[in-house]
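So the chains spell out like this:
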Amino acid sequence: MIIKTPPMGWNTWNTFGDKIDEKLVRETADFIVESGLRDAGYEYVVIDDCWSELKRDENGRLVADKNKFPSGMKALADYIHSKGLKFGMYSCCGALTCAGFPGSYDHEYIDAATFAEWEVDYLKYDFCYHTGTLEGKFFYRRMGAALANCGRDIVFSACSWGMEETQEWVKTTGAHLWRSTHDIQNSWASIKSITQQQARLIPYNGHGCFNDMDMLVVGMDGKSFIDGFWQTNGCTELDHKTHFSIWCMFGSPLMIGCDIRKMSDGAKAILTNKEAIAINQDGAYNQVYRLTLDRGPEDALVCARMLENGDFAIGVFNLMDGEYRFVFGFDEMGITTHCGKDIEVTEIWTGEREELVSGTINTVVEGHGCKLYRLKLIQK
Ligand code: GLA
């Protein structure tokens, strides 16, 4: 199976950790449809860690936690599919998952068969509790081969956090996406650090195997987390808008991590911005690159990407705390002064046309802020 654009959906982990059950998942599936998120493109409903019993059954099969998921996973899959959505689950390449539930080590084929039987469409596969005797790539090849032979199309989401230079071997495993960095937290420091770490990994991103910068924290507001776990001061709405813009521009999967039943109008407006999503899901999936012109400080980041119809996306990201004036032209993007076209640039969050000064963008962006542009070349 080949997937052409980064997956979009929702995952239980960021907000709910081990406090998950079938009611939450069903209600969330309902809300994904009612709130318009499904129509915006979000389709995978993914149950992360902490869904199983602590012991496999007498046949060595994983068993869903009978208290959390009394109807079983097949019934949940049926429900999610009935809503026009897809069903994702989680396991781990080690003997245990990161939270201490049974992992798939040496059970890869039987687990892939179980997931296929439950009509799972997506598997996130973690990197905890694996033996030191094998390198990471061997664990992922095992599950990759098991999934490719389980009789069902299942998206394989490798989650080895970029360890062991994952980018160099992950495409040998059949993975469709791979976590390129450690876990995100609902803080500006975390968003900024993941963005900075992504720079050297961008060339590895591409069709069929996408760099996964981790789940979105948009909509989590100040409320992270459960039981004092991963407490942070949270983010402002501006932080979240910039975070979402970066994930769209860099072509990361868009997996929502908030409680969407309670998301604010502001969070919903960010998550459903059609123009931003169109950049993320662009069919050409050309590589994003950094402009070096007038580059200034490392944390004043201007990125570009040519889109399928010949337009360009341009992301201007101010990762610093104070405001910064960005000045740059389009020469480096291949748009020459003698191209014979008019240039039209629209900022997609405001819908406003950017006034070009001598063929350059000259704009002040507040600290933590961003501008996300779509540039069109118009026949004169
Ligand atoms: C790891 C992963 C997270 C989440 C947890 C679950 O930390 O990177 O995304 O799946 O495990 O335990």
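All of these numbers come straight from a predicted model, not from anything done at the bench.

Asks: Describe the site of the ligand, and please don't skip the residues or the numbers.
Replies: Inspection of the region around the ligand gives Trp13, Asp48, Asp49, Tyr90, Cys98, Ala99, Lys124, Asp126, Cys159, Trp161, Arg179 and Asp183 as its neighbouring residues. Between the ligand and Arg179, the relevant distance is 3.3 Å, taken from an oxygen atom to a side-chain nitrogen or oxygen of the residue. Bound to the protein, the ligand loses 92% of the 310 Å² it would expose on its own. Here the residues of the shell around the ligand are counted per class, giving six nonpolar, no polar and six charged.

Asks: Lay out the sheet that holds strand E8 (residues 254-256) with the relevant residues and their values.
Replies: Taken together, eight strands build an open sheet; the order of strands is E7-E6-E5-E4-E3-E2-E1-E8 and the sheet is parallel. What marks the edges here is a single partner per strand, and that holds for strand E7 (210-212) and E8. Shown here is a sheet whose adjacent strand axes are inclined to one another by a mean of 25°, direction ignored. In this structure, strand E3 (residues 86-92) lies alongside strand E4 (residues 122-126), joined through five bridges in parallel fashion. Counted as the bridge partner of Gly88 is Tyr122 from E4. Helix-sheet contacts for helix H4 (residues 73-82) involve strand E2 (44-46) and E3, and the interaxial angle to E3 is about 140°.

Asks: A description of the state of the cysteines should follow, citing residues and the corresponding values.
Replies: Under the criterion given, the structure shown has one disulfide. Put simply, Cys98 and Cys128 are joined by a disulfide, and their sulfur atoms are 2.1 Å apart. Measuring the twist about the S-S bond at about 95°, one finds the Cys98-Cys128 disulfide to be right-handed. Here the residue Cys98 occupies a position in the loop between E3 and helix H5 (108-117), and Cys128 occupies one in the loop between E4 and helix H6 (136-148), the gap between them amounting to 30 residues. With relative accessibility at 15%, the residue Cys128 sits in the buried group. The cysteine Cys235 is free of any disulfide, with Cys258 supplying the nearest cysteine sulfur at 12 Å. The buried category is assigned to Cys235, whose relative accessible area is 14%. A disulfide-free cysteine, Cys303 has its sulfur positioned 11 Å from the sulfur of Cys370, the nearest such atom.

Asks: Give me the lowdown on the domain arrangement of the chain, citing residues and values where you can.
Replies: Taken as a whole, the chain is organised into domain 1 (8-280) and domain 2 (289-379). Computed over C-alpha atoms, the centres of domain 1 and domain 2 are 32 Å apart. Counting from both sides, the interface comprises 22 residues of domain 1 and, opposite them, 22 residues of domain 2. Buried area between domain 1 and domain 2, summed over both chains or domains, comes out near 1,900 Å², and the portion from carbon and sulfur atoms is 69%.

Asks: Quick one: what's the story with the environment of Phe250, residue by residue and with numbers?
Replies: Along the polypeptide, Phe250 turns up in helix H8 (residues 237-250). Take Phe250: its relative accessible area is 6%, and that puts it in the buried class.

Asks: Break down the packing of H5 against H6 for me, citing the residues and quoting the values.
Replies: At a closest axis distance of 9 Å, the pairing of H5 and H6 adopts a crossing angle of 40°. Compared by their axis directions, H5 and H6 come out oblique. Of the two elements, H5 crosses H6, and the hand of that crossing is right-handed. Contact residues: H5 offers Glu108, Tyr109, Asp111 and Ala112, while H6 offers Arg142, Met143, Ala145, Ala146 and Leu147. Class assignment of the residues belonging to the contact of H5 with H6 gives a composition of six nonpolar, no polar and three charged.

Asks: An account of the pattern of salt bridges is needed here, citing residue identities and associated values.
Replies: In the structure shown here, the tally under the stated rule is 25 salt bridges. For Glu27, the salt bridge goes to Arg261, with nearest N and O atoms at 2.7 Å. Of the two residues, Glu27 is situated in helix H2 (residues 22-34) and Arg261 in the loop between E8 and helix H9 (265-271); the sequence distance between them amounts to 234 residues. Glu119 is the salt-bridge partner of Lys74, the closest N and O atoms lying 3.9 Å from each other. Linking Lys74 in helix H4 with Glu119 in the loop between H5 and E4, this pair joins segments that are 45 residues apart in sequence. We classify Lys74 as partly exposed; its relative accessible area is 30%. For Glu119, a relative accessible area of 29% gives the class partly exposed. Salt bridges here are not isolated pairs; linked through shared partners, they connect Lys23, Glu27, Asp259, Arg261 and Lys262.

Definitions and cut-offs
- Residues numbered from 1 in each chain as written.
- Predicted model: local features only at pLDDT ≥ 70, side-chain atom pairs only at ≥ 80, totals over all residues.
- Heavy atoms only, no water.
- Near = heavy atom within 4 Å.
- Polar contact = N/O pair within 3.5 Å; in protein donor to acceptor, adjacent residues only side chain to side chain.
- Areas by Shrake-Rupley, 256 points an atom, 1.4 Å probe, with all protein chains shown as cover.
- Nonpolar A, V, L, I, M, F, W, Y, C, P; charged D, E, K, R; others polar.
- Pairing = 2+ DSSP bridges.
- Helix = DSSP H or I, 4+ residues; strand = E, 2+ residues; numbered from the N terminus.
- Axes fitted to C-alpha atoms, helices over the stretch in contact; angles between N-to-C directions.
- Contact = heavy atoms within 4.5 Å.
- Disulfide = S-S within 2.5 Å.
- Buried < 20%, exposed > 50% of the residue type's maximum accessible area, 1.4 Å probe, protein only.
- Domains from an automatic or database assignment.
- Buried area = accessible area lost by both parts, 1.4 Å probe.
- Parallel < 35°, antiparallel > 145°, perpendicular 65-115°, else oblique.
- Left-handed = near helix turned anticlockwise from the far one by under 90°.
- Salt bridge = Lys/Arg side-chain N within 4 Å of Asp/Glu carboxyl O.

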